[in-house]
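Reading the structure
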Amino acid sequence: MGLLMGAPVCGNILHEVVTVLQKKWTENHPVVDAEQDLNKSQIPDILPCNAVPVVSCPSILSFQSEFMNKQRAVVIKDSMDFWPALSTRKWSVNYLRRIAGCRTVPVEIGSKYTEESWSQSLMTVNDFIDKYIVNATSVGYLAQHQLFDQIPQLQDDVLVPTYCCLGESEDVDMNAWFGPCGTVSPLHHDPKHNFLAQVFGRKYIRLYAEEHSAKLYPHNGALLSNTSQVDVENPNLERFPHFSDAPFLECILEEGDMLYMPPKMWHFIRSLSISFSFGLTWLEVRKPIQEFFMFLIIENIPEVFTVSPQQEIRNNAKILFIIIIVLFLISLLLLIITKVVKWISRKRVLERKGFGWVKKQTRRVERREKEKTPVKRPLSRTNIVQSGFNQYKDSPRASIASICEDASAGRVLD
Ligand SMILES: O=C(O)CCC(=O)C(=O)O
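Remember, it's a predicted structure, so these values are computed and weren't measured experimentally.

Digging into the overall build of the chain
Each helix and strand counted, the chain has eleven helices and 13 strands in total. Residue burial in the chain is summarised as follows: out of 414 residues, 25% are buried.

Structural data, given as structure tokens:
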């Protein structure tokens, strides 16, 4: 149970044991190459007027104002190329076999969860790959499974997108969607913000805005009220006549792309090859103070948490600049505070003791200054010369005359 659910037991001993067993298993069972299936399916044409907007790595603030706040979907490019799953430990069917082959996972069997024949079954990742990916005779989908809680080694290879900091970060659900070409997720919507990150393979996705819900004919029962009754690829327009009036957007999600879908946006998804998607759903809960700091930080540091190395240099420079500005502002503030405190305390003294007191103080200071003026002492020979020199240094003749005068007046002591 610990292995299935992924909870750490006795300091994660279960995971350590299973890692050793997994290694042994891989040595005894050579992996099967299933990568040739990646380009199996035809790629549908997408009209430019129906295409989901595409942006490259937007800043958090522009993502928030342009897409999240306006409830618009967007395909974000270049924001996950540096994840280990797409670079240093590049994921593939074989990689998943190697890391997770002997682990037990739930698999959906049947092409759509809306069909009667649809069911679920537990099996190892290896059995799933052998039965539904390598020699697929029916459709099996390792769908919406919290594989990353179960196998922390895989979690290390993916990152939570920066944009999720716009919500409650502790509450991000991460799900794996792993299946062959042809898996279908019928048209449905979810209550949370949603990122679908394509780790390998590709998917066709069609989106409808919430305001067109009535034209999509949701199921009546509570259980399926978020799912449309319409088969998007083969709609029964006699039963669902308004379906064709509902405007939609569509896209092909390629490896390294991340699709953002706002809450309650209807989505239909078909995989066009063997595919692994990493799904993140999260709630947006923000408080005014958080909003203020978000503005300060996010406006200036676009991708603080998950950045590519090139962006990191740019961001570090920005962080340094912000730190300098903040330090300057703090010292300016301290200076102003000191000046104001001094001014207030002086004013209070004046108010308490009156101007008379200040005048008295001034007179006392003047008297003290006077007392400090040196008393005129009788001159010695040395200081006669010195004094003469000082007084008449500009005129040597006058100086000698003065010295003589002083001497005859008896001001010489020795
Ligand atoms: O990729 C899929 O098949 C389904 C994904 C989905 O429905 C979701 O992320 O909410």
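From this point, things continue past the structure.
Looking at the confidence of the model for the chain
Mean pLDDT over the chain: 81, with 71% of residues reaching 70 or higher. Below a pLDDT of 50 lies the segment residues 395-400, which in the model reaches four contacts outside its immediate sequence neighbourhood of four places, other chains included.

Description of the UniProt feature "transmembrane region" (unreviewed entry) in the chain
UniProt records the feature "transmembrane region" (unreviewed entry) at residues 319-338, using the numbering of this structure. In residues 319-338, helix accounts for 100% and strand for 0%; the two terminal C-alpha atoms are 29 Å from one another.

Structural notes on the sheet that holds strand β6 (residues 173-179)
The strand order β1-β2-β11-β8-β13-β6-β5-β3-β4 describes an open sheet built from nine strands, whose pairing is mixed. Single-partner strands in this sheet number two, and they are β1 (54-56) and β4 (119-124). Strand-to-strand twist of the sheet, defined as the mean angle between neighbouring strand axes without regard to direction, takes the value 25°. Across two bridges, the pairing between strand β3 (residues 104-109) and strand β5 (residues 140-145) is antiparallel. Looking at the pairing, E108 lines up with Y141 of β5.

What to know about the site of the ligand
For the ligand, the full set of nearby residues is W177, T183, S185, D190, N194, L196, H267, I269, S277 and G279. Residue assignment for the shell around the ligand shows that the elements contributing at least two residues are β8 (193-200), β12 (266-271) and β13 (275-282). Its residues assigned to classes, the shell around the ligand comprises three nonpolar, six polar and one charged.

Comments concerning the sheet that holds strand β9 (residues 203-208)
Spatially, four strands are ordered β7-β12-β9-β10 in an open sheet, and the strand pairing comes out antiparallel. Single-partner strands in this sheet number two, and they are β7 (184-188) and β10 (249-253). Across the sheet, the axes of successive neighbouring strands diverge by a mean angle of 15°, strand direction being ignored. One ladder, built from three bridges, connects β7 with β12; its direction is antiparallel. Across the sheet, H188 pairs through a bridge with H267, a residue of β12.

Observations regarding unusual backbone geometry
The backbone of C57 sits at a positive phi, close to 45°, despite the residue not being glycine. Mapped onto the elements, C57 comes out in the loop between β1 and α3 (60-68). One non-glycine residue with positive phi stands out, namely D78, at about 60°. Note that D78 resides in the loop between β2 (74-77) and α4 (93-100).

Considerations on the environment of E250
By secondary structure assignment, the location of E250 is in strand β10. Here E250 falls in the partly exposed class, since 16 other C-beta atoms lie within 10 Å of it. Separated by 46 residues in sequence, E250 and Y204 place their C-alpha atoms 7.5 Å apart. With residues up to four places along the chain from it excluded, the contact list for E250 reads I46, N50, A51, V52, I205, R206 and L207.

Regarding the pairing of β2
Bridge count between β1 and β2: three bridges; the pairing is parallel. In the strand pairing of β2, V55 is matched with I76. Note that the unit made of β1, α3 and β2 has a crossover that is right-handed. By the bridge criterion, three bridges tie β2 to strand β11 (residues 258-261) in an arrangement that is antiparallel. From the neighbouring strand, V75 faces β11, where its bridge partner is L259.

Describing α3
The complete set of buried residues in α3 reads I60, F63 and F67. Relative to the axis of α3, the buried residues are bounded by an arc of 70° and lie together on one face.

Here's the deal with the pairing of β5
One ladder, built from two bridges, connects β5 with β6; its direction is antiparallel. For L142, the partnering residue across the bridge sits in β6 and is F178.

A closer look at helix α5 (residues 125-134)
Restricting attention to buried positions, one finds in α5 the residues V125, F128, I129, Y132 and I133. For α5, the arc enclosing every buried residue in end-on projection is 110°, short of the 170-degree limit, so these residues lie on one face. Those residues of α5 that are buried lie in contact with α4, β3, β4 and β5.

Details of the nonpolar core
Counting 64 residues, the largest nonpolar core has L259 and Y260 as the members making the most contacts within it. Apart from residues no more than four positions distant in its own chain, Y260 is found in contact with F67, A73, V74, I76 and F195.

Observations regarding the packing of α4 against α5
For any two helices packed against each other, the geometry is given by the interaxial angle and the distance between the axes. The contact between α4 and α5 brings their axes to 9 Å, and the two run at 150°. Comparing the axis directions of α4 and α5 gives the class roughly antiparallel. Between α4, through V93, L96, R97 and A100, and α5, the contact on the second element is made entirely by V125, N126, I129 and I133. By residue class, the composition of the contact of α4 with α5 is six nonpolar, one polar and one charged.

What to know about the environment of L61
Here L61 shows up in helix α3. Considered as a pair, L61 and Y163 are 102 residues apart in the sequence and their alpha carbons are 9.0 Å apart.

Rules used throughout
Residues numbered from 1 in each chain as written. Predicted model: local features only at pLDDT ≥ 70, side-chain atom pairs only at ≥ 80, totals over all residues. Helix = DSSP H or I, 4+ residues; strand = E, 2+ residues; numbered from the N terminus. Buried ≥ 20, exposed ≤ 12 C-beta atoms within 10 Å, placed from the backbone. pLDDT = per-residue confidence, 0-100. Contact = placed C-beta atoms within 7 Å. UniProt positions renumbered as here; feature names shortened; annotations may be inferred. Pairing = 2+ DSSP bridges. Axes fitted to C-alpha atoms, helices over the stretch in contact; angles between N-to-C directions. Near = placed C-beta within 6 Å. Nonpolar A, V, L, I, M, F, W, Y, C, P; charged D, E, K, R; others polar. Right-handed = clockwise from strand over helix to strand, strands pointing away. Arc of directions from axis to C-beta. Core = buried A, V, L, I, M, F, W, Y, C linked by C-beta atoms within 7 Å. Parallel < 35°, antiparallel > 145°, perpendicular 65-115°, else oblique.

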